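Each chain, written out:
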Amino acid sequence: MNPYKTLNEALQARARDDLSISFIEGAQHETSFSYRELYRRASELLHCFQAKGLQPGDEMIFFLKNNEKFIEAYWACILGGIIPVPVAVGISDEHRSKVFRIFRRLKRPHLLTDAKSSDLLQSYARDAGVQDEHAAILAKTLLLEGIRPTGRAGVEHAPRGRDLAFIQFSSGSTRDPKGVCLTHENLLTTMVDMGNRAQYTERDISLSWMPLTHDLGLIGFHLNMIVFGISQHIMATEVFSRRPLLWLQKAHEKRATLLSSPNFGYKHYLKMYETRGDHELDLSCVRIIMNGAEPISVALCQEFLDTMSKHGLKRNTIYTCYGLAEAALGVSMPVPGSEFEYLEVDRNHLSPGTGIRRANASDPGLVRFVIEGPPLDRCEVRIGDDAGRDLGEETVGEIQIKGPNVTSGYYNDEEANRELHTADGWVKTGDLGFLYRGQVVVTGRQKDIIFANGQNFYPHDLEAIALGCAGLELGKVAALGVRQNDADHDEILVCVVYRGDLKEFLPLARQIRLLINEQTGLDVTHVLPVQRIPKTTSGKVQRRFFADGYLGGEFDDVIAEMLQLTATSTVVEARVEISEYEHRIKFICDRLLPEKKLGPQDNFFEVGMSSLELAQIHEQIDALYPGVLDITDLFDHPTMETLAEFLRQKIEN
């Protein structure tokens, strides 16, 4: 049984406890207050919202970077029956475009943001030619700087369990995002079942760097801690990106027992750890590191555990889970206490409707999949085919779910809702997998979603960006993700119909890489010339055709030739004078990114540098010259030469 019927009841109950929440913005920058204080602040902020005319059922888009303000405003909305709609601020115009597209989807929308973010939306509107839409948004915008609580409490709304609590929008960029409707009942069912399965107690302490716009960050590591009466620490995601070592330093300092990280977080942490040597850490306090925001890499989990074991991290801390927003986060979790488990199967027997075949270490088709535990107590899971038939155990099919934790549908989106359910009422997750001894194993994504840098990317999003290159035509380009065995991320391929000279193809390939990198932060592994884009009879691109060919070595010769042409055509200009700043930046780049072989005038984006790599470079420069550069300066000065000169002027002038 749920101890509470609504989130409102949970916060009201915890406001009587001596528990706290802290917000970590840096090694020495942290704020903290009690749940009692959170309730008071939220109530007073609700009064401000109501004074501006907001009523129960209105929607509030959150376009905020500050976690403390986000949490206060989230609870203000919950207490007043206003529907929170979290949206990531991000760094690109795609994130700003998403605000406009979500605003169109809502019924009675408002926007909560700060002055700086509002200015960015205005600049985007001007550049995109959507000033009229921006004017409508601006008329419904509440700026944090203009909100002054007076100490008066707002009038609280009394929701029912099946009332809508908030809307979790998908991370699609150029496509229209879908808003998952999550009720109080959905959320509390998942959180209670997750907490019971993970054996949460009031002695636990949580620490998370996951963004609050992500369901694991908001539901898993904020709301769930309120429900179970656990003190919590929230580290800004940008802080983790710039200074990943601070994550486990804070876990040591706070004696945190509950952590979380997807693959890219482990990789980001380990890469910086290797450059800094040993650290004074005691991680024996850590009980669980929840891993479930993406396909889980066996090799990376093992590397992380091997590396951190000397700091007291136990082998059984990696806690492999499966979930999605449509399930209010949680679908399956193991019972804690044992090391994570995985299966070795033949990759050639993973097609939908196919029974899995176990493989051994010498099998060239071996692939490892993590076992992600049995379904939560009130979440039913089956493996089905397109007709909704149950395929049983050890047969690959779509993972389908139902239960009181599962969404009823997408917000104000009839088209998406028509595709959501099977004929007999199960929700289609779009994920492929199988059941093994009653436990969930995820094998891939039914619609070829690309996973990189901890985010999902739709192939047609990247294709639409690539079409910004002169000469490219719709239907002549295909983007896809390919994952090598035991890799922790997708390699990204962009295939382009091109039948001319390969040397003349290089400028187009370079432009495509640059455009995609600038707009998404992704490093495209290869842009490949192909003879045609294979499609089904219904016109759908058969991306698997290229993936299989790439993994089978069919593109090896053309890749080698392109690399040779690129190497012979690169001209490095000799210069008489190189500044001390450039020497230091080059040393940092060579140490962090030896494979890229950056020259002084190479554009960071043209060579395919990812946003995480930029964050690592910024962190190292900031260690040498504290507080001089903002990470956005790397976007404005994207070569070692121009960045060094900018740095010199900032320091010496």
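Keep in mind it's a predicted model, so treat the numbers as computed, not measured.

Parameters at a glance
Residues numbered from 1 in each chain as written. Predicted model: local features only at pLDDT ≥ 70, side-chain atom pairs only at ≥ 80, totals over all residues. Heavy atoms only, no water. Helix = DSSP H or I, 4+ residues; strand = E, 2+ residues; numbered from the N terminus. Rg over C-alpha atoms; globule rule 2.2 N^0.38 Å. Buried < 20%, exposed > 50% of the residue type's maximum accessible area, 1.4 Å probe, protein only. Contact = heavy atoms within 4.5 Å. Areas by Shrake-Rupley, 256 points an atom, 1.4 Å probe, with all protein chains shown as cover. Lys, Arg positive; Asp, Glu negative; His and termini not counted. Charge placed at Lys NZ, Arg CZ, Asp CG, Glu CD. Pairing = 2+ DSSP bridges. Axes fitted to C-alpha atoms, helices over the stretch in contact; angles between N-to-C directions. Right-handed = clockwise from strand over helix to strand, strands pointing away. Patch = residues over 30% accessible without salt bridge, like charges linked within 9 Å, V, L, I, M, F, W, Y side chains within 5 Å. Salt bridge = Lys/Arg side-chain N within 4 Å of Asp/Glu carboxyl O. Parallel < 35°, antiparallel > 145°, perpendicular 65-115°, else oblique. Nonpolar A, V, L, I, M, F, W, Y, C, P; charged D, E, K, R; others polar. Polar contact = N/O pair within 3.5 Å; in protein donor to acceptor, adjacent residues only side chain to side chain. Core = buried A, V, L, I, M, F, W, Y, C linked by side-chain atoms within 4.5 Å. pLDDT = per-residue confidence, 0-100.

Here we take up the overall build of the protein. When helices and strands are counted, the protein shows 21 helices and 24 strands. For 653 residues, the compact-globule estimate of 2.2 N^0.38 gives 26 Å, and the C-alpha radius of gyration of the protein, at 25 Å, lies within 12% of that figure. For the protein, the residues scored as buried account for 56% of the 653 residues in total. Sequence-distant contacts in the protein: of pairs separated by 6 or more residues, those separated by 24 or more amount to 72%. When the accessible surface of the protein is split by element, carbon and sulfur atoms take 48% of a total near 27,800 Å². Computed over 71 positive and 91 negative side-chain charges, the inter-centroid distance for the protein is 4 Å.

Here we take up the sheet that holds strand β24 (residues 526-530). Strand order in the open sheet formed by three strands is β22-β23-β24, with mixed pairing between adjacent strands. Only two strands of the sheet have a single neighbouring strand rather than two, namely β22 (477-482) and β24. The mean angle between the axes of side-by-side strands here comes to 25°, regardless of whether they run parallel or antiparallel. Sheet topology note: the β22/strand β23 (residues 491-497) ladder contains six bridges and is antiparallel. Looking at β23, one finds that L480 is bridged to L493. Together, β23 and β24 form the strand contacts of helix α15 (residues 502-520), whose direction differs from that of β24 by roughly 135°. The sheet strands contacting helix α16 (residues 543-551) are β22, β23 and β24, and the helix crosses β22 at an angle near 55°.

This brings us to the pairing of strand β16 (residues 380-384). Among the five residues in β16, four count as buried, and that is most of the element. Pairing of β16 with strand β17 (residues 397-402) involves five bridges; the strand directions are antiparallel. Pairing of I383 across the sheet is with I399, part of β17.

As summarised here, the arrangement of the four strands in space is β16-β17-β18-β19, forming an open sheet in which the pairing is antiparallel. Either end of the sheet is taken by a strand with one partner, and the two such strands are β16 and β19 (439-445). On average, each strand axis in the sheet is inclined to that of its neighbour by 50°, with strand direction left out of account.

Moving on, we get to the pairing of strand β3 (residues 59-63). In terms of burial, β3 is largely enclosed, as five of its five residues are buried. Burial along β3 is two-sided: the face carrying E59, I61 and F63 and the face carrying M60 and F62 are both buried. In the sheet, β3 pairs with strand β4 (residues 83-86) via four bridges, with the strands oriented parallel. The partner of E59 across the bridge, within β4, is I83. At this point the chain moves from β3, through helix α3 (residues 67-80), to the parallel β4, and the crossover so formed is right-handed. Pairing of β3 with strand β5 (residues 109-113), which is carried by five bridges, proceeds in the parallel orientation. Note that in β5 the partner of M60 across the bridge is H110.

The subject of this paragraph is a negative patch on the surface. A surface patch of like charges, here negative, comprises D501, E504, D556, D557 and E561. It is helix α17 (residues 556-569) that provides the largest number of residues to the negative patch, a total of three residues. Position of D556 among the secondary structure elements: in helix α17.

One way to put it is that helix α7 (residues 184-197) packs onto helix α8 (residues 215-228) with a least axis distance of 10 Å and a crossing angle of 80°. Our classification of the angle between α7 and α8 gives roughly perpendicular. Taken together, the residues of α8 that come into contact with α7 (itself represented by L187, L188, M191, V192, M194, G195 and N196) are I219, L223, N224, V227 and F228. Residues belonging to the contact of α7 with α8 are distributed by class as follows: nine nonpolar, three polar and no charged.

Another point: unusual backbone geometry. Negative phi characterises most residues that are not glycine, and trans characterises most peptide bonds. Positive phi values are uncommon outside glycine, yet A328 reaches one of about 55°. Not every positive phi belongs to a glycine, and L329 is a case in point at roughly 100°. Looking at the secondary structure, you find L329 in the loop between β13 (318-320) and β14 (342-346).

This part is about the side chain of R543. When you line up the elements, R543 lands in helix α16. Note on R543: relative accessible area 12%, which makes it buried. Within the structure, R543 has its side chain in polar contact with the backbone oxygen of A479 (distance 2.8 Å).

A word on the nonpolar core. Counting 121 residues, the largest nonpolar core has F49, W75, W247 and F304 as its most contacted members. By size, the runner-up hydrophobic cluster in this structure holds 41 residues, among which are L472, I492, A509 and I512.

Close reading of the predicted structure is inappropriate where its pLDDT is low. Confidence along the protein averages 89 in pLDDT terms, with 93% of residues attaining 70 or more. Here residues 570-576 scores under 50 on pLDDT; set against residues more than four positions off or in separate chains, the count is five contacts.

With the rule as written, the count across this model stands at 31 salt bridges. One salt bridge in this structure joins R389 and D385, with 2.7 Å as the shortest N-O distance. Overlapping salt bridges, with partners in common, bring together E37, R40, R41, E44, E68 and E72 in one network.

Turning next to the side chain of N603. Here N603 is to be found in the loop between α18 (580-592) and α19 (611-624). When its relative accessible area of 17% is taken as the criterion, N603 is described as buried.

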